[in-house]
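# Overview (structure and organization)
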Amino acid sequence: MANWSKIESDAKTWIYAAGETIRQSFQNVLQIQSKSNPDDLVTNMDKETEQYLISKINETYPEHRILGEEGFGHDIQSLEGIVWIVDPIDGTMNFVHQQRNFAISIGIYEDGVGQVGLIYDVVHDELYHAVKGKGAYMNDYRLPELKDVPLNQAVIALNATWVMENKRFDHNLLVPVAKAVRGTRSYGSATLEFAYVASGRLDAYITLRLAPWDFAAGLILLDEVGAKATTLDGEKINLIGQNSIFVAKKGIHSTILKDYLHK
Ligand code: 2AM
Ligand code: CA
Ligand code: CA
Ligand code: CA
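Residues numbered from 1 in each chain as written. Chains lettered and ligands numbered in written order. Predicted model: local features only at pLDDT ≥ 70, side-chain atom pairs only at ≥ 80, totals over all residues. Heavy atoms only, no water.

Under an unreviewed UniProt entry, the name given to the protein chain is Inositol monophosphatase family protein, and the source organism is Metabacillus hrfriensis.

## Observations regarding the site of ligand 1
Inclusion rule: Neighbouring residues are identified by heavy atoms, a residue being near a molecule or strand if any of them is within 4 Å of it. Contacts described as polar in this section are N or O atom pairs within 3.5 Å, which, within protein, must combine one atom able to donate a hydrogen with one able to accept it, while residues neighboring in sequence count only if both atoms come from side chains. Helix and strand assignments come from DSSP, with helices taken as H or I runs of at least 4 residues and strands as E runs of at least 2, each series counted from the N terminus. Polar here means any residue outside two lists: the nonpolar Ala, Val, Leu, Ile, Met, Phe, Trp, Tyr, Cys and Pro, and the charged Asp, Glu, Lys and Arg; Gly therefore counts as polar. In this document the domain limits rely on a domain assignment from an automatic tool or a database.
Taken together, Asp 40, Glu 69, Asp 87, Ile 89, Asp 90, Gly 91, Thr 92, Gly 188, Ser 189, Ala 190 and Asp 214 are the residues near ligand 1. Interatomic distance of 3.2 Å between a side-chain N/O atom of Glu 69 and an oxygen atom of ligand 1. Contact between ligand 1 and Ile 89: an oxygen atom at 3.3 Å from a main-chain N or O atom of the residue. When residues in the shell around ligand 1 are grouped by element, the largest group, three residues, is from strand S4 (residues 82-90). A breakdown of the residues in the shell around ligand 1 according to their chemical character gives two nonpolar, four polar and five charged. Both of domain 1 (4-142) and domain 2 (151-260) provide at least three residues apiece to the shell around ligand 1.

## Quick word on the sheet that holds strand S13 (residues 228-230)
Rules: Any two strands are treated as partners once DSSP identifies two or more bridges connecting them. Lines are fitted to the C-alpha atoms to define the axes, a helix being fitted only along its stretch in contact, and any angle between axes, read from their N-to-C directions, falls within 0 to 180 degrees. The criterion used for residue contact is that any of the two residues' heavy atoms lie within 4.5 Å.
As summarised here, the arrangement of the five strands in space is S11-S10-S12-S14-S13, forming an open sheet in which the pairing is mixed. Edge positions in the sheet fall to strand S11 (183-185) and S13, since each of these pairs with one other strand and no more. The sheet shows a mean angle of 15° between the axes of neighbouring strands, direction not considered. One ladder, built from three bridges, connects strand S10 (residues 155-158) with S11; its direction is parallel. For Ala 157, the partnering residue across the bridge sits in S11 and is Arg 185. Contacting S10, strand S12 (204-210) and strand S14 (243-248), helix H5 (residues 190-198) runs over the sheet at an angle of about 155° to S12. Sheet contacts for helix H6 (residues 212-224): S12, S13 and S14; angle to S14, the most-contacted strand, approximately 25°.

## Looking at the coordination of the calcium ion (ligand 3)
Here is the rule: Coordination partners: N, O, S within 2.8 Å of the metal, 3.2 Å for Na, K and Ca; water not considered, so apparent gaps in a site are possible.
Around the calcium ion (ligand 3), the donor atoms from the protein are Asp 87 (OD), Asp 90 (OD) and Asp 214 (OD), and they sit 2.1 to 2.2 Å away. When the donors of the calcium ion (ligand 3) are listed by position in the chain, the intervening gaps give D-x2-D-x123-D. In this structure, the calcium ion (ligand 3) lies 5.3 Å away from the calcium ion (ligand 2).

## Some details on the environment of Lys 250
Inspection of the secondary structure assignment puts Lys 250 in helix H7 (residues 250-260). Lys 250 sits 24 residues away from Gly 226 along the chain, and the two C-alpha atoms are 7.5 Å apart. Other than its neighbours up to four places away in sequence, Lys 250 contacts Asp 148, Gly 226 and Lys 228.

## Comments concerning H6
As a reminder, the rule being used: Multiplying 1.5 Å by the residue count of a helix minus one yields the expected span of that helix. The seven residues ending at a residue and the seven starting there each receive a fitted axis; the angle between those axes is the bend at that residue. Only protein chains enter the accessibility calculation, which uses a 1.4 Å probe; a residue is then buried when its area is under 20% of its type maximum, exposed when over 50%, and partly exposed in between.
Between its first and last C-alpha, H6 extends 19 Å over 13 residues, near the 18 Å set by a 1.5 Å rise per residue. The largest bend along H6 measures about 25° and falls at Gly 218. Extensive coverage of H6 is indicated by the burial of twelve of its 13 residues. Directly after H6, the chain includes Gly 226, whose backbone phi takes a positive value near 80°.

## Observations regarding the domain arrangement of the protein chain
For clarity, the threshold we go by: Throughout, buried area stands for the accessible area (probe radius 1.4 Å) lost by two parts on being put together, summed over both. Criterion for a salt bridge: a side-chain nitrogen of Lys or Arg within 4 Å of a carboxyl oxygen of Asp or Glu.
As assigned here, the protein chain comprises domain 1 (4-142) and domain 2 (151-260). Spacing between the C-alpha centres of domain 1 and domain 2 amounts to 21 Å. In this complex, domain 1 contributes 39 residues to the contact, which on the side of domain 2 involves 24 residues. Of the roughly 2200 Å² buried between domain 1 and domain 2, counting both surfaces, carbon and sulfur atoms make up 66%. For the pair domain 1 and domain 2, the number of links is one salt bridge. Glu 126 is paired through a salt bridge with Arg 201; the nearest N and O atoms lie 3.5 Å apart. For the side of domain 1 that touches domain 2, the secondary structure elements donating two or more residues are strand S3 (65-68), S4, strand S5 (103-110), strand S6 (113-121), strand S7 (126-131) and strand S8 (136-138). A total of seven residues in the side of domain 1 that touches domain 2 trace back to one element, the largest contributor, which is S6.

Set out below in structure tokens:
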């Protein structure tokens, strides 16, 4: 049996060290490139952080496999065995433009079951962490089980895609949701948006397309505080594919899904 508290402790050491390197890097000039489109950015720090984390994991746990956004890990086609899913910088655009609102995210799965989740808000020095069955924490503070609120008191995170026409989803469906809730927010870092739902700073988060490194850690945290997580169709999330994502307090999830998205 894997020693999850040892694995979590190692992962924390490495994520803090990576965060410190990123904070130090603010004084240096960044090398910025575009990936799938001109607004999809990657920097030398995304690559260096992923390479650092992967070298530590490989050195300490050579039998584990790694899926990393920037491609320095393994070619992962299944979640068999122990797999680390790493987003070295989530919210690269925020990192480049704002030097805040970005995070390092690590989710560790065994045979497809989430065991350890870490999301490190580097600038605020806030580490959201969870080991399956042992509760979720923000630094040393245990995050309480989520309590539902009525929709008219909910603050929910949405991206700008909800005001644009798109092929995946009838964006008009979200207009009544935006009217019904108390407020909407958009932070530009999916992992922080998961962490904010887990810590009750947000009541829901809706987004059209995320990859495994965007949600791997967040789903583990949310499970520990009793949140509900599905696709926007109310279906099970495919852990190694791209998905639309809808995470929320249970009551809010069911109200939005049934009354507004008609699922
Ligand atoms: P990233 O910064 O790690 O790329 C806001 O854009 C959120 O969506 C971020 O968490 C970002 O993660 C994620 N995202 C997923 N796919 C993206 C893409 N193709 N372009 C930009 N952001 C993407
Ligand atoms: Ca990216
Ligand atoms: Ca990401
Ligand atoms: Ca990233």
